[in-house]
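Residue-level structural notes
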Amino acid sequence: MSDAPLIRVRGLGKVYPNGYRALTGIDLDVEAGEFVVVIGLSGSGKSTLVRCLNRLIDPTEGTIEFAGRDVTTVRGAELRALRREVAMVFQQFNLVNRATVLVNVLTGALERQATIPSLVGLWRRADREAAMEALRLVGLEDRALYRADALSGGEQQRVAIARALMQRPRALLADEPVASLDPATSHSVLDYLRELQTKQGTAIVANLHFLSLAREYGTRVIALKDGRKMFEGAPTDITDEVFQRIYGDEAKQVEIR
Ligand SMILES: Nc1ncnc2c1ncn2[C@@H]1O[C@H](COP(=O)(O)OP(=O)(O)OP(=O)(O)O)[C@@H](O)[C@H]1O
Ligand SMILES: [Mg+2]
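The following refers to the structure shown. Keep in mind it's a predicted model, so treat the numbers as computed, not measured.

Calculation rules
- Residues numbered from 1 in each chain as written.
- Chains lettered and ligands numbered in written order.
- Predicted model: local features only at pLDDT ≥ 70, side-chain atom pairs only at ≥ 80, totals over all residues.
- Heavy atoms only, no water.
- Helix = DSSP H or I, 4+ residues; strand = E, 2+ residues; numbered from the N terminus.
- Rg over C-alpha atoms; globule rule 2.2 N^0.38 Å.
- Buried < 20%, exposed > 50% of the residue type's maximum accessible area, 1.4 Å probe, protein only.
- Contact = heavy atoms within 4.5 Å.
- Areas by Shrake-Rupley, 256 points an atom, 1.4 Å probe, with all protein chains shown as cover.
- Lys, Arg positive; Asp, Glu negative; His and termini not counted.
- Charge placed at Lys NZ, Arg CZ, Asp CG, Glu CD.
- Pairing = 2+ DSSP bridges.
- Expected span 1.5 Å × (residues − 1).
- Arc of directions from axis to C-beta.
- Near = heavy atom within 4 Å.
- Polar contact = N/O pair within 3.5 Å; in protein donor to acceptor, adjacent residues only side chain to side chain.
- Nonpolar A, V, L, I, M, F, W, Y, C, P; charged D, E, K, R; others polar.
- Phe/Tyr/Trp six-rings, centres within 6.5 Å; stacked < 30°, edge-to-face > 60°.
- Lys NZ or Arg CZ within 6 Å of the ring centre and 35° of its normal.
- Salt bridge = Lys/Arg side-chain N within 4 Å of Asp/Glu carboxyl O.
- Axes fitted to C-alpha atoms, helices over the stretch in contact; angles between N-to-C directions.

1. With respect to the overall build of the protein chain
- Helix and strand counts for the protein chain stand at eight helices and 10 strands.
- The globule rule puts the C-alpha radius of gyration for 257 residues at 18 Å, and the 18 Å found for the protein chain is close to it.
- Structurally, the protein chain occupies a C-alpha span of about 55 × 40 × 40 Å along its principal axes.
- Looking at the protein chain as a whole, 49% of its 257 residues qualify as buried.
- A separation of at least 24 residues holds for 69% of the contacts in the protein chain among residues at least 6 apart in sequence.
- When the accessible surface of the protein chain is totalled, it reaches about 12400 Å², and 48% of it is carbon and sulfur.
- Of note, the protein chain has its 34 positive side-chain charges centred 6 Å away from the centre of its 33 negative side-chain charges.

In structure tokens:
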């Protein structure tokens, strides 16, 4: 065991192939059981940062360590192992609409498989039980046999979270997980993420568009501006002055809900 944080990022930078510099010199530590919220204007680099953490995007500078291991350039089996431990949910839930909720969650148990059984009976019993447990965690066990597209947006996002849970991740990355949901539904989804954070010690790193949600759910908030970290602190440290620095002239247009 080491005292290293679960995720340790140093000097992270990203220049896209077209030459655009999206991130510069990002340092970040994330401990188990934290809920880190990333905020910033559109284009400030939030998605780029979060996607670098599980190497969906390859950084061009700096290092990423996960549980004390350098994962900055891992490939193949090691990269797949990283992606199992650092799961991800997106704004678009990416469910298989025609499949049942349970089958969608079961696919989270797969690392890589060419064909996915569409009949629940073809899955291993242990996987089926784990999938039902994941659905219980997000309050949807009674929807297991519904088609995914018969669920509301918030329910679909909770299915996506349950699918991610099948990987038994130690960290869960979320890129605008509630951006397409109404305020009440946003809260219900974020409440489930908070339960994972507090009850299972899962580290959560989420980009959130609304400052009010960042304040409510974040144990720590990171603000990006032009690809640089320009603020890091407790939600209560975001004073009007900090808010003005984060959002600048566009502060007036930032919706606060
Ligand atoms: N594949 C790419 N190639 C070139 N530039 C890119 C690429 N992806 C993103 N960018 C640019 O990098 C910058 C940061 O993008 P990113 O998606 O990380 O921003 P964001 O903070 O998530 O914005 P939003 O709030 O709109 O989602 C933007 O200016 C974007 O246009
Ligand atoms: Mg984004």
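2. Here we look at the sheet that holds strand 2 (residues 21–30)
- With antiparallel pairing, four strands are arranged side by side in an open sheet as 2-1-4-5. Where the open sheet ends on each side, the last strands, each with one partner, are strand 2 and strand 5 (69–70).

3. What about helix 4 (residues 125–137)?
- The first and last C-alpha atoms of helix 4 sit 18 Å apart over 13 residues, in line with the 18 Å expected at 1.5 Å per residue.
- Looking only at helix 4, the buried set comprises Asp127, Ala130, Ala131, Ala134 and Leu135. Buried positions in helix 4, seen along its axis, are confined to an arc of 140 degrees and lie on one side of it.
- Residues of helix 4 that are buried in the fold lie against helix 3 (101–106) and helix 5 (153–165).
- Gly139 sits one or two residues past helix 4 and shows a positive phi near 70 degrees.

4. Here's the deal with the site of ligand 1
- Around ligand 1 sit 13 residues in total, of which Ser42, Gly43, Lys46, Ser47 and Thr48 are the nearest.
- Here an oxygen atom of ligand 1 sits 2.5 Å away from a polar atom, N or O, in the side chain of Thr48.
- Here ligand 1 loses 63% of its free accessible area of 640 Å² to cover by the protein chains.
- Tallying contributions element by element places helix 1 (residues 46–53) first for the shell around ligand 1, with three residues.
- Classifying every residue of the shell around ligand 1 gives four nonpolar, seven polar and two charged.

5. Some remarks on the packing of aromatic side chains
- For the structure shown, the criterion picks out two aromatic pairs.
- Their ring planes at 35 degrees and their centres at 6.3 Å tell us that Phe35 and Tyr217 sit as a pair that is tilted. Taken together, the residues Phe35 in strand 3 (residues 35–39) and Tyr217 in helix 7 (residues 211–217) connect sequence positions 182 residues apart.
- When its relative accessible area of 0% is taken as the criterion, Phe35 is described as buried.
- Using a relative accessible area of 2% as the deciding quantity, one classes Tyr217 as buried.
- Positioned over the ring face of Tyr146 is Arg143, at 5.3 Å from the centre of the ring.

6. A few points about the pattern of salt bridges
- The tally for this structure, following the rule as stated, stands at 18 salt bridges.
- Between Glu232 and Lys229 there is a salt bridge, with its nearest N and O atoms 2.4 Å apart.
- Take Lys229: its relative accessible area is 30%, and that puts it in the partly exposed class.
- If you follow the salt bridges from partner to partner, you end up with Glu34, Arg220, Lys229 and Glu232 in one network.

7. Details of the sheet that holds strand 3
- If you trace the six strands from one edge of the open sheet to the other, you get 6-7-8-3-9-10, paired in mixed fashion. A single partner strand is all that each edge strand has here, and the edge strands are strand 6 (86–89) and strand 10 (228–233). The average angle at which neighbouring strand axes cross in this sheet is 20 degrees, direction not considered.
- Pairing geometry for strand 9 (residues 220–225) and strand 10, over five bridges, is antiparallel. When the bridges of strand 10 are listed, Val221 appears paired with Gly233.
- Along the sheet, helix 5 makes contact with strand 6 and strand 7 (171–175), crossing strand 6 at roughly 165 degrees.

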